Amino acid sequence: MSDRPLVAVLDYGIGNLHSAHKAIEKMGADARLTADPAVVADADGVVLPGVGAFGACMSTLRSVGLEEPALAAASSGRPFLGICVGMQMLFDGSEEDAAARGLGIVPGTVRWIPPGVKRPQMQWNRLELQLPDDPMLADLGDDPWVYFVHSLHGVPDDPSVVAATCEYGTDLNAAFRLDNVFATQFHPEKSGPTGLRLLRNFVQVCVEARDGAAA
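These numbers come from a predicted model, not from an experiment.

## Topic: helix α1 (residues 17-26)
Okay, so step 1: The complete set of buried residues in α1 reads Leu-17, Ala-20, His-21, Ala-23 and Ile-24. Looking straight down α1, one finds that the buried residues subtend no more than 170 degrees of arc, so they occupy a single side. Turned more than 90 degrees from where α1 packs its buried face, His-18 and Lys-26 sit exposed.
Okay, so step 2: Once α1 ends, the next one or two residues include Gly-28, with phi positive near 115 degrees.

Shown next, in the form of structure tokens:
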């Protein structure tokens with residue numbers, strides 16, 4: 001891999017910020033945990049982590065002035081990764097908090113896991129790859145198990161943006177691809193070698209996007 005790409009991990013004070021930051025750094029990036037819009041604008045890739053309640057995460061993201069930098073990054077064509085509630089924040093809204101407005105990057109709604117199973121799903125589960133040729137899903141192996149902690153999942157208006165699902169009482173959407181934006185309901189930073197492979201893929205995508213833009 002060439003010189004380490006600059007990856008901005010949006011620091012709005014909630015969730016799995018440090019674990020995501022350290023895992024991305026370990027996979028070869030110059031990862032910066034930052035709330036500085038200038039750093040976000042200069043980054044080769046941007047990561048939006050999140051844990052907890054949808055409404056609280058959106059409110060805090062706005063209060064620290066990171067909503068517009070996040071939207072600008074997602075629309076810039078640079079690699080953008082949403083993780084867990086950070087993934088949910090990319091949608092228009094969530095059934096968890098009907099009054100809270102999401103970022104609206106992925107048209108659709110975050111919906112409760114249907115009744116009949118324990119909520120939250122707090123376990124390892126196997127991914128079914130719907131977009132197996134996506135570079136973010138490269139080399140995950142024939143049996144990719146990842147770690148989930150969630151009670152809701154994203155339901156996009158366009159089903160073709162679903163990159164992976166898992167079975168938990170029914171098929172749940174587990175990852176999404178929309179242009180330069182990739183997002184996971186599971187926690188790659190807590191998903192052992194499979195999750196680290198996905199994060200390494202993200203770092204490599206950032207390198208290729210940076211070098212392509214410079215060519």
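So much for the structure itself; the text now carries on.
## Digging into helix α3 (residues 54-63)
Okay, so step 1: Along α3, the residues that are buried comprise Phe-54, Gly-55, Cys-57, Met-58 and Leu-61. Viewed along the axis of α3, the buried residues span an arc of 165 degrees, placing them on a single side of the element.
Okay, so step 2: Elements in contact with the buried residues of α3: β3 (45-48), α4 (67-74), α5 (85-88), β5 (91-94) and β6 (97-101).
Okay, so step 3: Immediately beyond the C-terminal end of α3, within one or two residues, lies Gly-65, with a positive phi of roughly 80 degrees.

## Observations regarding the sheet that holds strand β1 (residues 6-10)
Okay, so step 1: Strand order in the open sheet formed by eight strands is β2-β1-β3-β4-β14-β13-β12-β9, and the pairing between neighbours is mixed. Strands at the two margins of the open sheet, each flanked by one partner only, are β2 (30-34) and β9 (128-129).
Okay, so step 2: As judged from the five bridges shared by β1 and β2, these two strands associate in the parallel manner. Bridged to Leu-10 within β2 is Thr-34.
Okay, so step 3: Sheet strands touched by α4: β1, β3, β4 (80-83) and β14 (181-184). Its angle to β4, the strand with the most contacts, is close to 125 degrees.
Okay, so step 4: Its contacts with the sheet put helix α6 (residues 192-214) on β1, β3, β4 and β14, and the angle it makes with β3 is roughly 145 degrees.

## Considerations on the side chain of His-153
Okay, so step 1: Topologically, His-153 is positioned in strand β11 (residues 152-156).
Okay, so step 2: His-153 sits in the buried class, given a relative accessible area of 8%.
Okay, so step 3: Here Asn-173 takes part through its backbone nitrogen, which lies 3.1 Å from a polar atom of the side chain of His-153.
Okay, so step 4: Not counting chain neighbours up to four residues away, the residues in contact with His-153 comprise Thr-109, Val-110, Arg-111, Trp-112, Asp-171, Leu-172, Asn-173 and Gln-185.

Calculation criteria
Residues numbered from 1 in each chain as written. Predicted model: local features only at pLDDT ≥ 70, side-chain atom pairs only at ≥ 80, totals over all residues. Heavy atoms only, no water. Buried < 20%, exposed > 50% of the residue type's maximum accessible area, 1.4 Å probe, protein only. Helix = DSSP H or I, 4+ residues; strand = E, 2+ residues; numbered from the N terminus. Arc of directions from axis to C-beta. Contact = heavy atoms within 4.5 Å. Pairing = 2+ DSSP bridges. Axes fitted to C-alpha atoms, helices over the stretch in contact; angles between N-to-C directions. Polar contact = N/O pair within 3.5 Å; in protein donor to acceptor, adjacent residues only side chain to side chain.

Take it as geometry only, folks, not as evidence of what the structure does.
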